[in-house]
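Here are the chains, one letter per residue:
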Amino acid sequence: MMIHVDRDSVAMGDDVLPHAETIEMPPETSLADVVAHLRERHYLATIAGGRATWILVADRPLAVVAQQWNEPRFLVDASRPISSFGVEGRGVSLMFRYWKQHDPDAVLEELAAGRKPSR
C-alpha cells in the first residue's frame, strides 16, 4: 500500500528540500508501526533544545509525537491497520503538523477533548 507522508517545515532552512514522499508498506501494517518506521528514519526534523511537538493528522488528529518523548501518544487505536486510515480513491495520506515547542502533554489534552490546541 502506498502511503503519502508530508510534514511542516520547522525553519526557513528546512524548506530547501520538499518533505512529501511516498512509502510502501503492507496494508495490514499498524499505524503504530508506520509511525515507528518514520521515526527510525528520522523523518521528523529535530530542533535545538529538543522540544519539537508534532500532531499527526489524516482525516483527523491521530497522535502527538514529541521530540522529548520516547514514544508517540495516540488518539486512536494505533494497532489498527494503516489501510483503515485511507480515504476512498485517494489512499492514505499522513501529515505531521509542527506545533512548535508547545507542551506536548497540553497539546494531547486539548486534542483528546476535541479542541484545537493554541499555537
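Described in the following lines is the structure provided in the data block.

Reading the values: rules and limits
Residues numbered from 1 in each chain as written. Predicted model: local features only at pLDDT ≥ 70, side-chain atom pairs only at ≥ 80, totals over all residues. Heavy atoms only, no water. Salt bridge = Lys/Arg side-chain N within 4 Å of Asp/Glu carboxyl O. Helix = DSSP H or I, 4+ residues; strand = E, 2+ residues; numbered from the N terminus. Buried < 20%, exposed > 50% of the residue type's maximum accessible area, 1.4 Å probe, protein only. Pairing = 2+ DSSP bridges. Contact = heavy atoms within 4.5 Å. Axes fitted to C-alpha atoms, helices over the stretch in contact; angles between N-to-C directions. Phe/Tyr/Trp six-rings, centres within 6.5 Å; stacked < 30°, edge-to-face > 60°. Lys NZ or Arg CZ within 6 Å of the ring centre and 35° of its normal.

**Quick look at the pattern of salt bridges**
- Under the counting rule described, the total for this entry stands at six salt bridges.
- Between D105 and R73 there is a salt bridge whose closest N-O contact spans 2.7 Å. Of this pair, D105 sits in helix 2 (residues 104–112) while R73 is found in strand 5 (residues 73–74), placing the two residues 32 residues apart along the sequence.
- Overall, D105 belongs to the partly exposed group, its relative accessible area being 40%.

**Re the sheet that holds strand 3 (residues 53–57)**
- Taken in spatial order, the six strands make up an open sheet running 2-1-6-3-4-5, and their pairing is mixed. Edge positions in the sheet fall to strand 2 (21–24) and strand 5, since each has one partner strand and no second.
- Each of strand 1 (2–7), strand 2, strand 3, strand 4 (61–66), strand 5 and strand 6 (92–98) is contacted by helix 1 (residues 31–40), which is oriented at about 35° to strand 4, the strand it contacts most.
- Sitting on the sheet, helix 2 is in contact with strand 3, strand 4 and strand 5, with an inclination near 175° to strand 4.

**Re the packing of aromatic side chains**
- Across all of its chains, the model carries two aromatic pairs by this definition.
- Here the aromatic rings of Y43 and F96 are separated by 6.1 Å at their centres, their planes lie at 55°, and the arrangement is tilted. Of this pair, Y43 sits in the loop between helix 1 and strand 3 while F96 sits in strand 6, and the two are 53 residues apart along the sequence. Of the two residues, Y43 and F96, neither departs from the other in class, the shared state being buried.
- Here the aromatic rings of W54 and Y98 are separated by 5.2 Å at their centres, their planes lie at 45°, and the arrangement is tilted. You can see W54 sitting in strand 3 and its partner Y98 sitting in strand 6, a full 44 residues away along the chain. Both residues of the pair, W54 and Y98, belong to the buried class.
- When the ring centre of F85 is taken as origin, the NZ or CZ atom of R80, which lies over that ring, is 4.2 Å away.

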